[in-house]
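Chain by chain, the residues run as shown.
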Amino acid sequence: TQSRRGQVLLDHVSEIFNLWGHLGISPATPSMNPTTDHSDIDPIVLAHLGFKDVAVTVNGDIKPIGHCESLKMLPTLTNLEKVQARQTWLDTERQKREEQIQACYDELCVLWTRVSLSLFSKKTIHSGSSFPCGDGEWAQLGVPEEEQEQFVESWRGLSEQCVEGYQAELKR
């Protein structure tokens, strides 16, 4: 079932490519912890795809940077294990960053609305809502909705910079 392994390999490679983009990871830049994050496979995956690197565009699309001769990976058990380990790490990192950003966002909603809550004690903040907090009542609670939307839009994505942007806003 060489063809089955070949398809599994392609599926992992495709998902790794997408996760690099979502996480803002440049696979051509060496990782500080290749043993932990299994990024030692990244140059091999890049070569398999025939790219020198990837980048994320302003609107979140993933685009290849530079083309090179494609060196196809063989669907060996070792290669399958490596790409699966890398995809698993990237998936875990994606989930961790999503949780960090959501936690910061939830705290920001409370901070942004707390200032004027005493003035609007009859209003309730719906903690289960995602965006916008308070179901569009931000403007009434002291923080203009446009400002909230602008902040969220400017820190869209799951890169480390986005996580840091939310954390910096919390400290502010």
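This report concerns the structure included in the present document. What you are looking at is a predicted structure, and each value in this text was computed from that prediction instead of being measured.

What counts and what doesn't
In this numbering scheme, every chain counts its residues from 1 along its sequence in written order. Local features are withheld for residues below a pLDDT of 70 in this predicted model, meaning they are given only at 70 or higher, and side-chain atom pairs are given and counted only at 80 or more; totals for whole chains, interfaces and linings count all residues. Side-chain calculation: all heavy atoms of the structure are included, whereas hydrogens and water are not. Numbered from the N terminus, helices here are DSSP runs of H or I no shorter than four residues, and strands are runs of E no shorter than two. Per-residue accessibility, obtained with a 1.4 Å probe over protein chains only, is compared with the maximum for each type, and a residue is labelled buried under 20%, exposed over 50%, and partly exposed between these values. Whether two residues are in contact is decided by their heavy atoms, any of which lying within 4.5 Å being enough. Using a 1.4 Å probe, accessible areas were evaluated by the Shrake-Rupley method; residue-level cover was limited to the displayed protein chains. As used here, the term nonpolar core means buried Ala, Val, Leu, Ile, Met, Phe, Trp, Tyr and Cys residues forming a set that is joined through side-chain atoms within 4.5 Å. In this analysis, the expected span of each helix is defined as 1.5 Å times one less than the number of residues it contains. Nitrogen and oxygen atoms within 3.5 Å of one another constitute a polar contact, given that in protein one can donate a hydrogen and the other can accept it, and given that sequence-neighbouring residues count only through two side-chain atoms. Think of each axis as a best-fit line through the C-alpha atoms, taken over the contacting stretch in the case of a helix, with angles from 0 to 180 degrees between the N-to-C directions. Throughout, the term roughly parallel applies to angles under 35 degrees, roughly antiparallel to angles over 145, roughly perpendicular to angles from 65 to 115, and oblique to all others.

Turning our eyes to something else, we now look at the overall build of the chain. A tally of regular secondary structure across the chain gives six helices and two strands. Counted from the first residue to the last, the chain has its helices and strands arranged as α-α-α-β-β-α-α-α. Looking at the 172 residues of the chain, the share that counts as buried comes to 35%. At a minimum sequence separation of 6, the contacts of the chain that also span at least 24 residues come to 63%. Surface exposure of the chain reaches about 10,500 Å², of which carbon and sulfur atoms provide 54%.

Bringing the nonpolar core into the picture now. Ranked by internal contacts, the top residues of the largest apolar core, which has 29 residues, are Trp20, Val45, Val83, Leu90 and Tyr166. Secondary structure elements with two or more residues in this core: α1 (2-23), α3 (42-49), β1 (51-56), α4 (77-117), α5 (145-154) and α6 (160-171). Of the residues forming this core, the biggest block, nine residues, is contributed by α4. Excluding anything up to four places from it in sequence, tyrosine 166 contacts Ile101, Cys104, Tyr105, Leu108, Phe151, Val152 and Trp155.

With that out of the way, let us pick up the environment of isoleucine 101. Relative to the helices and strands, isoleucine 101 is located in helix α4. Sequence spacing of isoleucine 101 and valine 163 is 62 residues, and the spatial spacing of their C-alpha atoms is 5.8 Å. Sequence-distant contacts of isoleucine 101, defined by excluding residues within four places in its chain, comprise Gly157, Leu158, Cys162, Val163 and Tyr166.

Here we come to α1. The terminal C-alpha atoms of α1, which comprises 22 residues, lie 31 Å apart, in line with the 32 Å expected from a rise of 1.5 Å per residue. Of all the residues in α1, the buried ones are Gly6, Leu9, His12, Val13, Ile16, Phe17, Leu19, Trp20, Gly21 and Leu23.

Quick look at the side chain of aspartate 42 now. As for its position among the elements, aspartate 42 is in helix α3. The class of aspartate 42 is buried, set by a relative accessible area of 2%. Side-chain polar atoms of aspartate 42 contact the side chain of tryptophan 20, separated by 3.5 Å. Not counting residues up to four positions away in its chain, the partners in contact with aspartate 42 are Trp20, Pro27 and Arg86.

With that out of the way, let us pick up the packing of α1 against α3. Direction vectors running N to C along α1 and α3 enclose 105°, while the axes themselves pass 11 Å from each other. Overall, the two elements α1 and α3 adopt an arrangement that is roughly perpendicular. Only Asp42, Val45, Leu46, His48 and Leu49 of α3 make contact with α1, whose side of the interface consists of Leu9, Leu10, Val13, Ile16, Phe17 and Trp20.

So, on to the environment of serine 39. The residue serine 39 is located in the loop between α2 (34-37) and α3 in this model. Judged by relative accessible area, serine 39 falls into the buried class, the value being 9%. In the structure, serine 39 is positioned twelve residues away from proline 27 in sequence and 7.7 Å away in space, judged by C-alpha atoms. With residues near it in sequence (within four places) discarded, serine 39 still touches Ser31, Pro34 and Arg86.

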